[in-house]
Amino acid sequence: MKSRNRIFLITLIAVLAVFVSVFFASCISNGTQGDSAYEIAVKNGFEGTEAEWLESLKGSDGKDGADGSNGTDGKDGFTLEELINYYLENNPGSTVEDFYASLGLDVTPSITSVVQSALKSSVGILCTTTYRSPLGQSEQAWSGSGVIYKLSGNTAYIITNYHVIYDSYNNKYCENIKIYLYNRVLEDDLISATVVGASKNNDIAVIKATSDVFLDDTVQTVKVNTEDPVAGQATFAVGCPTLYTFSVTSGIVSVESEYITTDSSENVRVYRTDAALNSGNSGGGMFNEYGELMGISDAKSADTTDDNICYAIPASLAIAVADNIIETGGQRFLMGVQMELTDMNTYIDEEGIIRSVYTYSVLSVDKDSAAYGKVEEGDVMVSVAINDEEGVKIDTSFRAQEYLMNARVGDTVNLTVLRNGETVTIQMTASEKYFSAI
């Protein structure tokens, strides 16, 4: 009975919170004052003071609200399922988890629902090419994975790795790319795709494909979380290590940020995980416990003596690069400032996570750069912002570099520094001459 009463009380809290939030939102949209939850109860037949109404919601023996009603006569209320559906209908793009979060309840979805959601935004990739050598002509094929980042009608923009779509045999982007979706792997289900652009330095590429299959409700864009990975955080890798076969592996974040060199790219920023990856996983999604994209699977250790050492490109970097490719073709703004680490502090945040804050000073300024003559050696880097944005604090070596992927020609870049103990904000115009390929 105690368990039943607990469920009943949670349902009643949901009734109250949703009624208040829905009618408050109605007041905002309509510009008039809406009824309170108590006033609604009175209109529906409740007799008594507001205190008596609140007391009636408690349900002393769990019988008055057994059918999920408001605890009065068992007829005027809503079931929890009805409340959830009402919330989802009035908050497009929200999830059941969002509903519980609106009540202050942290309800982590099941692993099954996380994986099923991830599969809807996952694709397999097949590349083929003709290779001509002194020994003759041969057909070559290789595979990878990707995630659906954006949908425009029946056209999908898909993020994957640079090395997945690069034809190393002919030293160019692959010209024959096919993709396939989960549970759609027949020959007729293969969809042609083309390369939008790519960044070798960051091992990220964007391809696009057009098909009415992207209008199906079994397909969705990936949900993204660009927060920094945290050591110990659960992660799930979804991809196609075997052609036409999707698989899921799980693990945790082992190292939050580091740099690796692969066969195709140097100094790629990644985080380390023990979620198993194989060659066909490249370009696929790495998801957190809420089914949000937290990275793009990239590589595993080539040392045969290493166990469970795999790498993923953080979502913050992958998304910044992908947006840049889609919007500019792959051009980023360079300030021309070289930094050196001068201090580091560690603290525990409100969630109990151990955080480190790094302090960087200007080591040198490139002569032909936007910062030349404005930024001085010895300036302590504080933050950077584009136009009127809030911007980001420069608390890691990569923060400013990745944020500036969002700068476009003509933007104003505002760099804040400490100079001789005083805060100075420096404005730079992102002229076309200060951009280079990503």
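See above for the structure.
Described in the following lines is the structure provided in the data block. (Residues numbered from 1 in each chain as written. Predicted model: local features only at pLDDT ≥ 70, side-chain atom pairs only at ≥ 80, totals over all residues. Heavy atoms only, no water.)

## Brief notes about the sheet that holds strand S11 (residues 268–273)
Right, on to step 1. If you walk around this closed barrel you meet the 6 strands as S9-S10-S11-S14-S13-S12, and the pairing is antiparallel. Taking the axes of each pair of neighbouring strands and ignoring which way they run, one obtains an average angle of 50° across the sheet.
Right, on to step 2. Here 3 bridges tie strand S9 (residues 234–242) to strand S12 (residues 285–287), and the two strands are oriented antiparallel to one another. Note on S12: the bridge partner recorded for Val-238 is Gly-285.
Right, on to step 3. Across the sheet, helix H6 (residues 111–120) lies against S9, strand S10 (245–260) and S12, angled at about 45° from S9, the strand it touches most.
Right, on to step 4. Seen against the sheet, helix H8 (residues 315–328) touches S11, strand S13 (293–300) and strand S14 (310–314) and runs at an angle of roughly 50° to S14. (Pairing = 2+ DSSP bridges. Helix = DSSP H or I, 4+ residues; strand = E, 2+ residues; numbered from the N terminus. Axes fitted to C-alpha atoms, helices over the stretch in contact; angles between N-to-C directions. Contact = heavy atoms within 4.5 Å.)

## Regarding the pattern of salt bridges
Right, on to step 1. Within this structure, the stated rule accounts for 11 salt bridges.
Right, on to step 2. Residues Glu-175 and Lys-172 are paired through a salt bridge, measuring 3.0 Å at the closest nitrogen-oxygen approach.
Right, on to step 3. Judged by its relative accessible area of 66%, Glu-175 falls in the exposed class.
Right, on to step 4. For Asp-379, the salt bridge identified is with Arg-419, shortest N-O distance 2.8 Å. Linking Asp-379 in the loop between strand S17 (354–365) and strand S18 (380–386) with Arg-419 in strand S20 (residues 412–419), this pair joins segments that are 40 residues apart in sequence.
Right, on to step 5. Assessed through its relative accessible area of 18%, Arg-419 is described here as buried.
Right, on to step 6. The network of salt bridges with shared partners includes Asp-228, Asp-395 and Arg-399. (Salt bridge = Lys/Arg side-chain N within 4 Å of Asp/Glu carboxyl O. Buried < 20%, exposed > 50% of the residue type's maximum accessible area, 1.4 Å probe, protein only.)

## Details of the packing of aromatic side chains
Right, on to step 1. Counted by the stated rule, this structure contains 8 aromatic pairs.
Right, on to step 2. On the numbers, 6.0 Å between centres and 40° between planes, the contact of Trp-142 with Tyr-169 is tilted. Taken as a pair, Trp-142 in strand S2 (residues 136–152) and Tyr-169 in the loop between strand S4 (166–167) and strand S5 (172–173) lie far apart in primary sequence, 27 residues in all.
Right, on to step 3. Given a relative accessible area of 36%, Tyr-169 falls into the partly exposed group. (Phe/Tyr/Trp six-rings, centres within 6.5 Å; stacked < 30°, edge-to-face > 60°.)

## With respect to H8
Right, on to step 1. Between its terminal C-alpha atoms H8 stretches 19 Å, which fits the 20 Å expected from 14 residues at 1.5 Å a residue.
Right, on to step 2. With respect to burial, H8 is a largely interior element, 11 of its 14 residues being buried.
Right, on to step 3. Regarding H8, the residues found buried are Ala-315, Ser-316, Leu-317, Ala-318, Ile-319, Ala-320, Val-321, Ala-322, Asp-323, Asn-324 and Ile-325.
Right, on to step 4. Once H8 ends, the next one or two residues include Gly-329, with phi positive near 85°. (Expected span 1.5 Å × (residues − 1).)

## A closer look at unusual backbone geometry
Right, on to step 1. Non-glycine residue Asn-183 carries a positive phi angle of around 65°.
Right, on to step 2. Of note, Asn-183 is situated in the loop between strand S6 (177–181) and strand S7 (191–199).
Right, on to step 3. Residue Asn-183 is classed as exposed on the basis of its relative accessible area, which comes to 64%.
Right, on to step 4. One non-glycine residue, Tyr-244, lies in positive phi territory at about 70°.

From the geometry alone we can't say anything about function, so treat these as descriptive.
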